Amino acid sequence: MRLYFAPEETDEFEAACGLLIHRAGRWADERGESLDGFGAESALDYRHRGTRDGRLGLWEPRHVEEFLLEWLPRTVSLLPEDEPGDMPGALALLLRYLDTVGLADPRGATLAENLAAIEAAAPRYRPAMEDRTRWGMARFWLTTAAEQGIDVHDQQALSDFVERARRGEVRYDEKVLDHIVARHHTHGPATARRAEPQLPIALPAEDELRALAAQSPLLTWLRGITDWAGSEGRPVTTTGNPRIADARALVAELATGDDCAGVRSSARLQKLGLAVEWAKKARTVRIAKGRMYAVAAARPLLDDPLALWRRTFDAFTDLREPLIVPRGGRHLPSPLAIAYEQVVPDVLNTLYSLTYPMPWPRLRDTVRGGYGDGYDMPPGTTDHALRRMLDALEDLGAIERYAGMADPVFLDAPPTEALEPPAGLPPELAELFGSLGGHPGADASAEAYRSELTDGMVELIRLTALGHDSVRRRLLAEGRDAPLIGELIHAPAAGLLGVLTDHYDPDSARTELAAWTAARPDPATALDQLTDALRVCPFRTRAEAMLEVLTDAHPDGETVARSLRGDPLLAPTAISVLVRREILDAEDLTEPESLLMIAESLLQLLETAGQDGVLEMLAGQDGDTQKILKPALASGHPDRAGMEDLREVAARAARRPAARVGRVHRRSRHEGMGGGHERRR
């Protein structure tokens, strides 16, 4: 069982969600507590559909607050007589269960921190549910209908009400509806746009990053400009730029490399002009009454190269006009200028996720295909703007560019289809964006593209360690998953194996496991903790996936798997892994092991398809269902909870005179009135 599902994996998520709630409910019953299944389901639904990373096992106080005070009021439709239920209590019980069985992601907050956040938010939960401005559209109209005497359970009556509302014949609170609509347009629908998962990266220690930041040419220029401005200030032009004489002196002092010959405005000095604007955006200088001053509060920042570098990097997305907007108004802005705030993260995220350096032709044609050169612009406008962006990032030290051979993975032709325009564009610009065609180079044949990459060395581009660090910090701030090799070194064994299973590629998993093992007293102790984590995992499919990862990532992985063949608790999992890898075949198994394998297969099917799925599968087999189940029930399989569920399947099968053969159909548990993802309790 996984704790991460792509948005389109609806059936897989539904099955995992149902299994988690079923097992958590049983766990609560054993402790004399009661789990509100709807509340637990809503919490899992929120993490899957309402957040960018979709990690079911990772919770932080910000998730707790958003779920209780924003997601639930917006997505759960209650009628006036309905009670909202104890959602804070349901969430607390679910998080306790995840922590107890080792499903909590160790990169999130601790259980104590999340429970404290629930306790803090609980008093605000009911007022939030009653605050009409937080509601979704479905709840607003259902409540309005119910308050006007409409039987909302009568579909015809509700349809008539909707029709009258469309004709303007229904009284309703216009201010509240306007607020709901405005919030929807501002924050988007309840369902979050899922971000692509990133591969784990390795980063040097902060001291090394700080030393690298100190070597940045751009930081040298920013410090020089700030020192030049000083606390007394320097006179500047009406546009906030240094006077040309001062600019020439700064070019010479800071060695920016600008050519001052014939230049009458410092804004025309490419390097210095951009550095001045960058200093303003990074808030190391300010303009007041015709003078440029050093910002006193920025003094400590100037003494810490890494802190200054990070702030300067964050300010890059504010440099649209000085960086790539053409001056003079003779041409329409480049599409990259129109969509600058979208282009910058797109380019940086692409470089972040690559295992190999990006060849310039690939990046160029990918951006051309996505944003393109439009009409009434000189040829190559997009290329020129992209070059300016890359030059600035190189001066900062976020990327490095060098000549080399392109890796074969880039030899396929690049995409040429246009991207959707960024959200929020004015209609006239959105129309322009939609009319932009691909650059002629984007339509070149695949053979021509391959020739460009294979005829010799090309420019290669990749993020530096500083670039990776700051892009990762931004991804995390956006709520995205950006694994860092080494961040699991203090994680419990179950948390480690769970994250490696759900989020790591094989090479990164080996590196992470080696670092984790080295932090334990000795390798034997580390291995004992890892196998103990497998023993306590209550889910068959997850335990097998974790053992698969351990077998791949541990230096003696196959030996470890073989050694567990005789383990009282892990034998079924180990045998399943060994058979799947063809280390064992059916003839190698003893009769008791064969029975364990039958039970293990049925238990894994039970987890992924549910009881109905098992019954459907058995109905399609030749022979008596009970005869198929009997060997599994007599196998002595150590999973008591799973075997109890399997006995329930046998009891249901005995009550069914003839099993219906066919595809398993699951009714979505998320169907609700009003469309979208709003749901009735």
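Everything numeric here is computed off the predicted structure, so don't read it as measured data.

**Section: the overall build of the protein**
(1) Moving on: For the protein, the helix and strand inventory stands at 31 helices and 8 strands.
(2) Moving on: Looking at the protein as a whole, 50% of its 681 residues are labelled buried.
(3) Moving on: Considering only contacts within the protein whose residues lie at least 6 apart along the sequence, 74% involve residues at least 24 apart.
(4) Moving on: Accessible surface for the protein amounts to roughly 32000 Å². Of this, 51% is attributable to carbon and sulfur atoms.

**Thoughts on the sheet that holds strand E5 (residues 358-359)**
(1) Moving on: One open sheet accounts for 3 strands, arranged E5-E7-E6; its pairing is antiparallel. Unpaired on one side and paired on the other, E5 and strand E6 (399-404) mark the two borders of the sheet.
(2) Moving on: Examined bridge by bridge, E5 and strand E7 (residues 458-463) share 2 bridges and lie antiparallel to one another. Following the sheet pairing, Met358 is matched in E7 by Ile461.
(3) Moving on: Helix-sheet contacts for helix H19 (residues 381-396) involve E6 and E7, and the interaxial angle to E6 is about 110°.

**Digging into the environment of Ala315**
(1) Moving on: Note on placement: Ala315 falls in the loop between helix H14 (305-314) and helix H15 (320-324).
(2) Moving on: Overall, Ala315 belongs to the buried group, its relative accessible area being 4%.

**Focus: the pattern of salt bridges**
(1) Moving on: Per the counting criterion, the structure on display carries 54 salt bridges.
(2) Moving on: One salt bridge in this structure joins Glu644 and Arg26, with 4.0 Å as the shortest N-O distance. Placement of the pair is Glu644 in helix H31 (residues 640-655) and Arg26 in helix H1 (residues 10-30), with a sequence separation of 618 residues.
(3) Moving on: Residue Glu644 is classed as partly exposed on the basis of its relative accessible area, which comes to 38%.
(4) Moving on: Judged by relative accessible area, Arg26 falls into the buried class, the value being 14%.
(5) Moving on: A salt bridge links Arg210 to Asp207; its shortest N-O distance comes to 3.6 Å. Here Arg210 pairs with Asp207, and both are found in helix H9 (residues 206-213), just 3 residues apart, close to one helical turn.
(6) Moving on: Using a relative accessible area of 26% as the deciding quantity, one classes Arg210 as partly exposed.
(7) Moving on: According to the relative accessible area criterion, Asp207 is exposed, its value standing at 62%.
(8) Moving on: Several salt bridges share partner residues, and in doing so they unite Arg47, Asp53, Arg55, Asp105, Arg107, Arg472, Asp481 and Glu487 into one network.

**Points about the pairing of strand E3 (residues 285-288)**
(1) Moving on: Looking at chain direction, E3 and strand E4 (residues 291-294) are connected through 4 bridges and run antiparallel. Pairing of Ile287 across the sheet is with Met292, part of E4.
(2) Moving on: Connecting E3 to the antiparallel partner E4 that follows it, the hairpin turn spans 2 residues, and Lys289 within it adopts a positive phi of roughly 55°.

**Considering the packing of helix H17 (residues 340-353) against helix H22 (residues 465-477)**
(1) Moving on: Relative to each other, H17 and H22 sit at 115°, their axes nearing to 10 Å. By crossing handedness, the relation of H17 to H22 is classed as left-handed. Along its contact with H17, which presents Pro345, Leu348, Asn349, Leu351 and Tyr352, the element H22 presents His468, Val471, Arg472, Arg474 and Leu475.

**Considerations on unusual backbone geometry**
(1) Moving on: We note that Ala255 has phi near 55°; this positive angle belongs to a residue other than glycine.
(2) Moving on: Here the phi dihedral of Glu582 falls at roughly 65°; this positive angle occurs in a residue that is not glycine.

**Focus: the nonpolar core**
(1) Moving on: In terms of nonpolar packing, the biggest core is built from 76 residues, with Ile225, Leu272, Trp278, Phe316, Leu323, Leu336 and Met389 touching the most fellow members.
(2) Moving on: Beyond its immediate stretch of four places on either side in the chain, Leu272 contacts Ile225, Ala247, Leu250, Val251, Leu254, Thr256 and Asp258.
(3) Moving on: Within the second largest apolar cluster, 73 residues are counted, among which are Ile21, Val64, Val101 and Leu488.

**Some details on the side chain of Arg310**
(1) Moving on: Summarising the element assignment, Arg310 is placed in helix H14.
(2) Moving on: Note on Arg310: relative accessible area 12%, which makes it buried.
(3) Moving on: Those residues within four positions of Arg310 in sequence are excluded, and the remaining contacts are Glu206, Leu209, Asp469, Ser470 and Arg473.

**A word on the packing of helix H6 (residues 137-147) against helix H7 (residues 155-166)**
(1) Moving on: With their axes 11 Å apart at the nearest point, H6 and H7 run at an angle of 105° to one another. By the angle between their directions, the pair H6 and H7 is classed as roughly perpendicular. Contacts from Trp141, Leu142, Thr144 and Ala145 in H6 reach Leu158, Phe161 and Ala165 in H7.

**A look at a negative patch on the surface**
(1) Moving on: A contiguous patch of negative charge on the surface is contributed by Glu582, Asp585, Glu587 and Asp588.
(2) Moving on: Here Asp588 lies in the loop between helix H28 (571-580) and helix H29 (591-619).
(3) Moving on: Judged by relative accessible area, Asp588 falls into the partly exposed class, the value being 37%.

**Describing the sheet that holds E3**
(1) Moving on: Spatially, E2-E4-E3 is the arrangement adopted by the 3 strands of the open sheet, whose pairing is antiparallel. Each end of this open sheet is capped by a strand with a single partner; those strands are strand E2 (234-235) and E3.
(2) Moving on: Of the pairings in the sheet, the one linking E2 to E4 comprises 2 bridges and is antiparallel in character. Residue pairing across strands places Arg234 opposite Met292, the latter belonging to E4.
(3) Moving on: Here helix H10 (residues 217-229) sits on the sheet in contact with E2, E3 and E4, set at roughly 110° to E4.

**A few points about the packing of aromatic side chains**
(1) Moving on: All chains considered together, the criterion is met by 13 aromatic pairs.
(2) Moving on: Summarising the aromatic geometry, the rings of Trp141 and Tyr172 are spaced 5.2 Å apart at their centres and angled 65° between planes, so their arrangement reads as edge-to-face. A residue pair is termed long-range when its members are at least 10 positions apart, and Trp141 in helix H6 and Tyr172 in the loop between H7 and helix H8 (174-187) qualify at 31 residues.
(3) Moving on: Ring geometry for Trp309 versus Phe313: centroids 5.6 Å apart, planes at 10°, classification stacked. Of this pair, Trp309 and Phe313 both sit in helix H14, 4 residues apart, which is roughly one turn of the helix. Each member of the pair, Trp309 as well as Phe313, carries the same accessibility label: buried.

Conventions we followed
- Residues numbered from 1 in each chain as written.
- Predicted model: local features only at pLDDT ≥ 70, side-chain atom pairs only at ≥ 80, totals over all residues.
- Heavy atoms only, no water.
- Helix = DSSP H or I, 4+ residues; strand = E, 2+ residues; numbered from the N terminus.
- Buried < 20%, exposed > 50% of the residue type's maximum accessible area, 1.4 Å probe, protein only.
- Contact = heavy atoms within 4.5 Å.
- Areas by Shrake-Rupley, 256 points an atom, 1.4 Å probe, with all protein chains shown as cover.
- Pairing = 2+ DSSP bridges.
- Axes fitted to C-alpha atoms, helices over the stretch in contact; angles between N-to-C directions.
- Salt bridge = Lys/Arg side-chain N within 4 Å of Asp/Glu carboxyl O.
- Left-handed = near helix turned anticlockwise from the far one by under 90°.
- Core = buried A, V, L, I, M, F, W, Y, C linked by side-chain atoms within 4.5 Å.
- Parallel < 35°, antiparallel > 145°, perpendicular 65-115°, else oblique.
- Patch = residues over 30% accessible without salt bridge, like charges linked within 9 Å, V, L, I, M, F, W, Y side chains within 5 Å.
- Lys, Arg positive; Asp, Glu negative; His and termini not counted.
- Charge placed at Lys NZ, Arg CZ, Asp CG, Glu CD.
- Phe/Tyr/Trp six-rings, centres within 6.5 Å; stacked < 30°, edge-to-face > 60°.

Nothing here speaks to function; it is geometry throughout.
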